[in-house]
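Inside the fold
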Amino acid sequence: MTALFEGLTHWHWLGLGFVLLAIEVLGSVGFLLWTGIAALEVGLLLLVWPFGWQAQLLLFALQSLLTTWAWWRWQHRRDRSEQDAAAPINERMQGYLGRELVLLDDVTQGMSRVHLDDTAWTVRCSQPLLAGSKVRVTGHDSHILLVEPLP
């Protein structure tokens, strides 16, 4: 087994790298991409600067871990930013917070209506207000917007 490792050349590492990348293209899981890149890096370094098989295997293991970890960090950061950007997509009511609107009706028994986007919404207000009063959306309770009067 030692004789096999002692015979490793840059061609073996380049070949392993290209084989791993070819398998990755067929499978597209993502894991073999980074081990293939690590093998190519070892092959290119070995082409420029020859070193022993122990260092080759150690460098391959370290590069595999490093490239996989770097990809994971980049992808994790990207997923978090996309997740934060997409968070309000299914929370329509959260997007209405802070909007300033005009009451369509007088507030009677704490309820009124406003026109928001293309819909008439029911609103709840703790103060009696007249139609035409300006209000700000402060929250929601199920499908009813909670508003407060603007000064």
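Analysis parameters
- Residues numbered from 1 in each chain as written.
- Predicted model: local features only at pLDDT ≥ 70, side-chain atom pairs only at ≥ 80, totals over all residues.
- Heavy atoms only, no water.
- Domains from an automatic or database assignment.
- Phe/Tyr/Trp six-rings, centres within 6.5 Å; stacked < 30°, edge-to-face > 60°.
- Helix = DSSP H or I, 4+ residues; strand = E, 2+ residues; numbered from the N terminus.
- Buried < 20%, exposed > 50% of the residue type's maximum accessible area, 1.4 Å probe, protein only.
- Core = buried A, V, L, I, M, F, W, Y, C linked by side-chain atoms within 4.5 Å.
- Contact = heavy atoms within 4.5 Å.

Re the domain arrangement of the protein
- Segmenting the protein into domains produces domain 1 (2–90) and domain 2 (98–149).
- Computed from C-alpha atoms alone, the centre-to-centre distance between domain 1 and domain 2 is 57 Å.

Details of the packing of aromatic side chains
- Within this structure, the stated rule accounts for four aromatic pairs.
- Relative to phenylalanine 60, the ring of tryptophan 13 lies with its centre 5.2 Å away and its plane at 40°, an arrangement referred to as tilted. Of the two residues, tryptophan 13 sits in helix α2 (residues 10–27) while phenylalanine 60 sits in helix α4 (residues 53–86), which places them 47 residues apart along the sequence. This pair shows no difference in class: tryptophan 13 is buried, exactly as phenylalanine 60 is.
- Their ring planes at 35° and their centres at 6.3 Å tell us that tryptophan 34 and tryptophan 71 sit as a pair that is tilted. With tryptophan 34 in helix α3 (residues 31–48) and tryptophan 71 in helix α4, this residue pair connects regions lying 37 residues apart in the sequence.

Brief notes about the nonpolar core
- In terms of nonpolar packing, the biggest core is built from 15 residues, with Tyr96, Leu103, Val114, Trp121, Val135 and Leu145 touching the most fellow members.
- For this core, the secondary structure elements donating two or more residues are β2 (111–116), β3 (119–124), β4 (134–141) and β5 (144–149).
- Residues within four places of tryptophan 121 in sequence aside, it is in contact with Arg92, Met93, Tyr96, Ser112, Arg113, Val114, Leu116, His143 and Leu145.
- Formed by eight residues, the second largest nonpolar core is a distinct cluster that contains Leu8, Ala39, Phe51 and Phe60.

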